[in-house]
Amino acid sequence: MTRYLYIFVDESGNPSSGEYYVVAGAWCISDEPNPSRALQSTTDNLAGIANSLRDSSTPVSELKGSQLPIEVLLSVVESLNGGPAFDDPSVKHQQLPWSGSRPIRFTIHGLNPVLGIEVLKETLGGSALSSGSSHPEALQSLSLATILNPLVQAEIIDLMRIDQVKVVLDAQVWQAPVNRIEAGLDVVESVPENITFETRDSAQTPGLQLADIAAYTWGRQLRSGDCGSGVAYLDNLRLSGD
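Definitions and cut-offs
- Residues numbered from 1 in each chain as written.
- Predicted model: local features only at pLDDT ≥ 70, side-chain atom pairs only at ≥ 80, totals over all residues.
- Heavy atoms only, no water.
- Buried < 20%, exposed > 50% of the residue type's maximum accessible area, 1.4 Å probe, protein only.
- Helix = DSSP H or I, 4+ residues; strand = E, 2+ residues; numbered from the N terminus.
- Phe/Tyr/Trp six-rings, centres within 6.5 Å; stacked < 30°, edge-to-face > 60°.
- Pairing = 2+ DSSP bridges.
- Contact = heavy atoms within 4.5 Å.
- Patch = residues over 30% accessible without salt bridge, like charges linked within 9 Å, V, L, I, M, F, W, Y side chains within 5 Å.
- Areas by Shrake-Rupley, 256 points an atom, 1.4 Å probe, with all protein chains shown as cover.
- Salt bridge = Lys/Arg side-chain N within 4 Å of Asp/Glu carboxyl O.
- Core = buried A, V, L, I, M, F, W, Y, C linked by side-chain atoms within 4.5 Å.
- Axes fitted to C-alpha atoms, helices over the stretch in contact; angles between N-to-C directions.

Peer 1: Explain unusual backbone geometry to me, using residue names and the numbers behind them.
Peer 2: Despite not being glycine, Leu39 has its phi angle at roughly 70°, a positive value. Overall, Leu39 belongs to the buried group, its relative accessible area being 0%. In this model, Gln95 sits at a positive phi of 50°, which is unusual for a non-glycine residue. Relative to the helices and strands, Gln95 resides in the loop between helix H3 (83-86) and strand E3 (105-111).

Right, dumping it as structure tokens:
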């Protein structure tokens, strides 16, 4: 049976402006060829936890960090460390390609986009990037490359335990960064040849909802400083070396 390494990618903030921009990847192993079927049980259980804590008659239909009260968000993030993922039949819990027994892992990258754009302008100049609008796209591309970094780092991911890598992103705005990444991967040694990129609707893709929760929690901590416990929980689930 084919073993897929899924990396679900979402972002929080704007790479063009503001005080923060965060990109998160949610990693898991599954034998489901359809990314919309992986992690369904996990997100159903997390949505149930959120509904039990919310003071609302309208149930959560999609996990989105921005739509959850802060105390509910932190409870959902805390639960990622526990039972829901370990009880999910759509993800593998043994012979994992990373150290430890956590079936879901995260990579997270955050930066100040204003500072990042200024550094790009000073470092690369106008001739390297065709227009000012290309600088945010470059930041987005570099952020994506950073959260995919364990794929090209020795001893972080055991690629021998994986048949195919699928990177799933939440919107078409990722198309240009993906093109840049694919071109870059062609010249990097030890990159898995069986890596594909695709976009999906987050409402129909549980893994993207988990990436959203991670990105929003990390970004909110940078913005408001009230998600420290959530960041600590996520930090425990980060892949080493990311």
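Peer 1: Requested: an account of the packing of aromatic side chains, with residues and values cited.
Peer 2: To describe a pair of aromatic rings, you give the distance between the ring centres and the angle between the ring planes. Inspection of the entire model under this criterion finds 2 aromatic pairs. Ring plane angle 20° and centroid distance 5.3 Å describe the contact between Tyr6 and Phe8, whose orientation is recorded as stacked. Relative accessible area serves as the criterion here: at 0%, Phe8 is assigned to the buried category.

Peer 1: Describe in detail the pairing of strand E4 (residues 164-169), supporting the description with residues and values.
Peer 2: Burial within E4 is extensive, with 5 of its 6 residues counted as buried. In the sheet, E4 pairs with strand E5 (residues 195-199) via 5 bridges, with the strands oriented parallel. Its bridge partner lying in E5, Val165 is registered against Ile195.

Peer 1: Please provide a residue-by-residue account of the environment of Ile70, values included.
Peer 2: Relative to the elements of secondary structure, Ile70 occurs in helix H2 (residues 70-79). Distance in space between the C-alpha atoms of Ile70 and Gly230 is 9.9 Å, their sequence separation being 160 residues. Setting aside chain neighbours within four positions, we find Ile70 in contact with Arg220, Asp226 and Cys227.

Peer 1: Provide a residue-level description of a nonpolar patch on the surface, including the pertinent values.
Peer 2: A grouping of Val152, Val187 and Val188 is seen on the molecular surface, where their side chains present a nonpolar patch of about 240 Å² in accessible area. Within the fold, Val152 resides in the loop between helix H5 (134-147) and E4.

Peer 1: Tell me about the nonpolar core, and name the residues and values.
Peer 2: Inside soluble globular proteins, nonpolar side chains tend to come together where they are buried. Ranked by internal contacts, the top residues of the largest apolar core, which has 40 residues, are Phe8, Leu68, Phe106, Ile108, Leu210 and Leu234. For this core, the secondary structure elements donating two or more residues are strand E1 (4-14), strand E2 (17-30), helix H1 (40-53), H2, E3, helix H7 (206-224) and helix H8 (228-237). Looking at this core, the element that brings in the most residues is H7, giving 8 residues. With 25 residues, the next largest nonpolar core counts Leu5, Val9, Trp98 and Leu169 among its residues.

Peer 1: Hey, could you go over the sheet that holds E2 for me, with residue numbers and the actual values?
Peer 2: The strand order E3-E2-E1-E4-E5 describes an open sheet built from 5 strands, whose pairing is mixed. Two strands in the sheet have a free side with no partner beyond their single neighbour: E3 and E5. With direction set aside, neighbouring strand axes in the sheet form an average angle of 20°. Both E1 and E2 contribute to a ladder of 11 bridges, which runs antiparallel.

Peer 1: Which residues make up the environment of Ser143, and what values go with them?
Peer 2: Mapping Ser143 onto the fold places it in helix H5. Look at Ser143 and you get buried, because its relative accessible area is 1%. When the C-alpha positions of Ser143 and Tyr21 are compared, they lie 9.0 Å apart, and in sequence the two are 122 residues distant. The residues touching Ser143, leaving out its near neighbours within four places in the chain, are Tyr21, Val23, His109 and Leu111.

Peer 1: Hey, could you go over the side chain of Asn81 for me, with residue numbers and the actual values?
Peer 2: Among the secondary structure elements, Asn81 is positioned in the loop between H2 and H3. Setting aside its immediate chain neighbours within four residues, Asn81 contacts Phe86, Arg102, Tyr233, Asn236 and Leu237.

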